[in-house]
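# Descriptive structure summary
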Amino acid sequence: MRTGTKGKAGPEYRYYEIPPGGKALLLTKEGIYKEEADVLHFHNVLEIGYCYQGTGYMLLQDEKADFSDGTFTLISEKLPHMTISDSGVFGGWKYLFVDAEGLLKELYGETSPMARQLIGRIRGHAWLFSSGEEKDNGDLIFQMFKVMKEQRPYYREEFKGLMMTLLVRMAARFSKEEPAGGGKSAWPSRNSMIISRAVDYISKVPERPVKIEELAKMCHISETHFRRVFGECMQMTPVEYINRVRIRRACDALERTNFSIGDIAAGAGFGTVSTFNRNFRQIMGVSPQEWRKRARK
């Protein structure tokens, strides 16, 4: 697990950008995890996962839940979690990331009481089940993966319909239950909510030059207070976090495009290639060129 500036483990914020054309994030991603390969992290969107290979457990804040091949997971936004495969076992996962809150507001309206109620019941929860335990819901998720893979005419509308069914079922399941951790988790804490505007801004437009003073103003606090709260919540400085988000965006471009290193560095917000290379190696452990080769194998 990664450690922050004070030597304590802190959750990593992973931002998934919504593609043009809708409020729902329609994205699939494959992941293979070895023992201790994942890190404690949380997302800006809801994560739907399916384990097609392996065994292990998931850490959900301070709770553990076992998984095996055939396990489905639904993890709400901003809920810290971590996937750990058993020793010597490879875990294979498929993922969908969905802006559940944006989808509900799109369908019911920004100020709809129903949208607020459903969002409130889903927030802070994680749902793990096998196809044997929840066959209907497992089949529903399989259909969602199929729709996203085939992308036939009106696939976005079909996906939203399937997703709405799943969200309503999830809200109904957790209507009387406490969030993961019994509602006593320190994350998201009151302090983390104070800096949430700045964190969201950095994650959405990391390539834009920004001063720490400007981020503090977004949060309506002093720069000194902002730096202290940011360090406590994120276990790193604001500059370190900005560089991590920029490098994550660069990794995506390195894997998915043939752009030059210079163009990717500039697109990620680095002023010079040398600064980009230095930060990339510090965070990823290898050069951008080497990382691209490995990612494409």
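Residues numbered from 1 in each chain as written. Predicted model: local features only at pLDDT ≥ 70, side-chain atom pairs only at ≥ 80, totals over all residues. Heavy atoms only, no water.

## Brief notes about the overall build of the protein chain
The helix and strand inventory of the protein chain stands at 12 helices and 10 strands. Just so you have it, the protein chain exposes about 15200 Å², and 49% of that area is on carbon and sulfur atoms. (Helix = DSSP H or I, 4+ residues; strand = E, 2+ residues; numbered from the N terminus. Areas by Shrake-Rupley, 256 points an atom, 1.4 Å probe, with all protein chains shown as cover.)

## With respect to the packing of helix α2 (residues 113–122) against helix α4 (residues 155–173)
Two elements in contact, α2 and α4, have axes whose closest approach is 8 Å; the angle formed by their N-to-C orientations is 65°. Where α2 crosses over α4, the two elements pack in a sense that is left-handed. Residue-level inspection shows Leu118, Arg121 and Ile122 of α2 in contact with α4, the latter providing Leu167, Met170 and Ala171. Residues that form the contact of α2 with α4 fall into these classes: 5 nonpolar, no polar and 1 charged. (Axes fitted to C-alpha atoms, helices over the stretch in contact; angles between N-to-C directions. Left-handed = near helix turned anticlockwise from the far one by under 90°. Contact = heavy atoms within 4.5 Å. Nonpolar A, V, L, I, M, F, W, Y, C, P; charged D, E, K, R; others polar.)

## Here's the deal with the environment of Gly109
Tracing the backbone shows Gly109 in the loop between α1 (100–108) and α2. Owing to a relative accessible area of 23%, Gly109 belongs among the partly exposed residues under this scheme. When residues no more than four places from it in sequence are discounted, the contact partners of Gly109 are Leu104 and Ala115. (Buried < 20%, exposed > 50% of the residue type's maximum accessible area, 1.4 Å probe, protein only.)

## Things to note about the packing of aromatic side chains
A full pass over the atoms with the stated rule returns 14 aromatic pairs. Centre to centre, the rings of Phe226 and Phe230 are 5.6 Å apart; their planes meet at 45°, and the pair counts as tilted. Here Phe226 pairs with Phe230, and both are found in helix α8 (residues 223–234), just 4 residues apart, close to one helical turn. Here a set of aromatic residues connected by ring pairs shows up, and it is made of Tyr50, Phe72, Trp127, Phe129, Phe142 and Phe174. Positioned over the ring face of Tyr57 is Lys64, at 4.7 Å from the centre of the ring. Directly above the ring of Phe145 sits Lys94, whose terminal nitrogen or CZ lies 4.9 Å from the centroid. (Phe/Tyr/Trp six-rings, centres within 6.5 Å; stacked < 30°, edge-to-face > 60°. Lys NZ or Arg CZ within 6 Å of the ring centre and 35° of its normal.)

## Considering the environment of Ala216
Mapped onto the fold, Ala216 is located in helix α7 (residues 212–218). Its relative accessible area of 1% is what places Ala216 among the buried residues.

## Section: the pattern of salt bridges
As enumerated under the stated definition, the model contains 11 salt bridges in all. Its salt-bridge partner being Glu101, residue Arg123 comes within 3.5 Å of it at the nearest N-O pair. Here Arg123, found in the loop between α2 and β10 (126–130), pairs with Glu101, found in helix α1; they are 22 residues apart in sequence, far enough to count as distant. Taking the shortest distance from any N to any O, the salt bridge between Arg249 and Glu207 comes out at 2.7 Å. Taken together, the residues span a long stretch of sequence, with Arg249 in helix α9 (residues 238–256) and Glu207 in the loop between α6 (196–204) and α7 at a distance of 42 residues. Looking at Arg249, the relative accessible area reads 24%, which means it is partly exposed. Its relative accessible area of 27% is what places Glu207 among the partly exposed residues. (Salt bridge = Lys/Arg side-chain N within 4 Å of Asp/Glu carboxyl O.)

## Focus on the side chain of Arg246
Residue position: Arg246 is located in helix α9. Notably, Arg246 is buried but unbridged: the nearest opposite-charge side chain belongs to Glu207, and the N-O separation is 7.1 Å. At 2.6 Å, the side chain of Arg246 forms a polar contact with the backbone oxygen of Pro206. Within the structure, the side chain of Arg246 is placed 3.3 Å from the backbone oxygen of Gly269, a separation counted as a polar contact. With residues near it in sequence (within four places) discarded, Arg246 still touches Pro206, Glu207, Arg208, Pro209, Ala268, Gly269 and Phe270. (Lys, Arg positive; Asp, Glu negative; His and termini not counted. Polar contact = N/O pair within 3.5 Å; in protein donor to acceptor, adjacent residues only side chain to side chain.)

## Things to note about the pairing of strand β7 (residues 71–75)
Taking burial as the measure, the 5 residues of β7 include 5 buried ones, the bulk of the element. Bridging between strand β4 (residues 46–53) and β7 involves 4 bridges; their strand directions are antiparallel. By the bridge assignment for β7, Gly49 is matched with Thr73. (Pairing = 2+ DSSP bridges.)

## Regarding the packing of α6 against α9
Two elements in contact, α6 and α9, have axes whose closest approach is 9 Å; the angle formed by their N-to-C orientations is 35°. As α6 packs across α9, the resulting crossing turns out to be right-handed. Across from Val199, Ile202, Ser203 and Lys204 in α6, the residues of α9 making contact are Tyr241, Ile242, Val245 and Arg249. For the contact of α6 with α9, the class distribution of residues is 5 nonpolar, 1 polar and 2 charged.

## Some words on the confidence of the model for the protein chain
For the protein chain, per-residue confidence averages 82 on the pLDDT scale, and residues scoring 70 or more make up 83% of the total. The low-confidence segment residues 1–9, where pLDDT is below 50, has 20 contacts with residues more than four positions distant or belonging to other chains. (pLDDT = per-residue confidence, 0-100.)

## Some points on α1
Looking only at α1, the buried set comprises Ala100, Gly102, Leu103 and Leu104. For α1, the elements touching its buried residues are β4, β9 (91–98), α2 and α4. One or two residues past the end of α1 sits Gly109, with phi positive at roughly 110°.

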